[in-house]
Amino acid sequence: MEADRRERVDSRDGRKASRLPVGFTAKLRERGHSTMDVEVLDLSTSGFRITTLFRVQRGHLVWFSIPGLQPLEAVVRWSSNNEHGCEFVQPLHPAVVAHIRKLYPRVDDTRHEFDRF
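Note that the structure is predicted; figures quoted are calculated from it, not measured.

**Topic: the sheet that holds strand 2 (residues 36-43)**
Right, so step 1: Ordered in space as 1-2-3-6-5-4, the six strands form a closed barrel in which the pairing is antiparallel. Within this sheet the neighbouring strands show an average axis-to-axis angle of 45°, counted without direction.
Right, so step 2: With five bridges joining them, strand 3 (residues 47-51) and strand 6 (residues 83-88) adopt antiparallel strand pairing. Along strand 6, the bridge assignment pairs Gly 47 with Glu 87.
Right, so step 3: Sitting on the sheet, helix 2 (residues 94-103) touches strand 1 (20-30) and strand 2, and the angle it makes with strand 1 is about 105°.

Structure, rendered in structure tokens:
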């Protein structure tokens, strides 16, 4: 329910779905290239933001592998230095995004919860 509410709120800024901060390593592969490790910074039903040491080309189709899921097709929509934003070809179900968020919360988000005590 929380993810659904966030999606409606964030639609005002032009995004299809809200980004949820996460922190985990995934695999990314462009056609004709080797698989590379990427750090996933945020995730939504419609896409994700990653950081990597390698350049990925805007407009290219990539395969994104989240631990425990089959590779997902996505298109690179933007790149800035080592960060890249990608849009899934087939959106993820909100329950899948919520589950991944629970499994892989961003470390700095977790620290904020403990800082209050």
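From this point, things continue past the structure.
**Some remarks on the pattern of salt bridges**
Right, so step 1: Using the criterion set out here, one finds five salt bridges in the structure.
Right, so step 2: One salt bridge in this structure joins Arg 19 and Asp 42, with 3.6 Å as the shortest N-O distance. Of this pair, Arg 19 sits in the loop between helix 1 (2-10) and strand 1 while Asp 42 sits in strand 2; the two residues are 23 residues apart in sequence, bridging distant segments of the chain.
Right, so step 3: The exposure class assigned to Arg 19 is partly exposed, which follows from its relative accessible area of 29%.
Right, so step 4: Among the residues examined, Asp 42 registers a relative accessible area of 4% and is labelled buried.
Right, so step 5: Note that Arg 77 and Glu 87 form a salt bridge whose closest N and O atoms lie 2.8 Å from each other. Remark: Glu 87 occurs in strand 6 and Arg 77 occurs in strand 5 (residues 72-80); sequence separation between them is ten residues.
Right, so step 6: On the accessibility criterion, Glu 87 (19% relative accessible area) is buried.
Right, so step 7: Several salt bridges share partner residues, and in doing so they unite Arg 19, Asp 42, Arg 49 and Glu 83 into one network.

**So, unusual backbone geometry**
Right, so step 1: Although it is not a glycine, Asn 81 sits at a positive phi angle of roughly 55°.
Right, so step 2: Mapped onto the secondary structure, Asn 81 falls in the loop between strand 5 and strand 6.
Right, so step 3: Residue classification places Asn 81 among the exposed residues on the basis of a relative accessible area of 63%.

**Details of the nonpolar core**
Right, so step 1: Ranked by internal contacts, the top residues of the largest apolar core, which has 23 residues, are Leu 28, Leu 43, Phe 48, Phe 64 and Phe 88.
Right, so step 2: Per-element tally for this core: the top contributor is strand 1, with five residues.
Right, so step 3: Excluding residues within four positions of it along the chain, Leu 43 makes contact with Ser 18, Arg 19, Leu 20, Val 22, Phe 48, Phe 88, Leu 92, Val 97 and Ile 100.

**Quick word on the pairing of strand 5**
Right, so step 1: Of the strand pairs in this sheet, strand 4 (residues 61-65) and strand 5 are connected by four bridges, and their pairing is antiparallel. Note that in strand 5 the partner of Phe 64 across the bridge is Leu 72.
Right, so step 2: As consecutive antiparallel partners, strand 4 and strand 5 are separated by six residues, and within that stretch Gly 68 has a phi angle of approximately 90°, a positive value.
Right, so step 3: Two elements, strand 5 and strand 6, share six bridges in a ladder whose sense is antiparallel. Of the residues in strand 6, the one forming a bridge with Val 76 is Cys 86.
Right, so step 4: What sits between the antiparallel neighbours strand 5 and strand 6 is a turn of two residues, in which Asn 81 has the positive phi angle 55°.

Calculation rules
- Residues numbered from 1 in each chain as written.
- Predicted model: local features only at pLDDT ≥ 70, side-chain atom pairs only at ≥ 80, totals over all residues.
- Heavy atoms only, no water.
- Pairing = 2+ DSSP bridges.
- Helix = DSSP H or I, 4+ residues; strand = E, 2+ residues; numbered from the N terminus.
- Axes fitted to C-alpha atoms, helices over the stretch in contact; angles between N-to-C directions.
- Contact = heavy atoms within 4.5 Å.
- Salt bridge = Lys/Arg side-chain N within 4 Å of Asp/Glu carboxyl O.
- Buried < 20%, exposed > 50% of the residue type's maximum accessible area, 1.4 Å probe, protein only.
- Core = buried A, V, L, I, M, F, W, Y, C linked by side-chain atoms within 4.5 Å.

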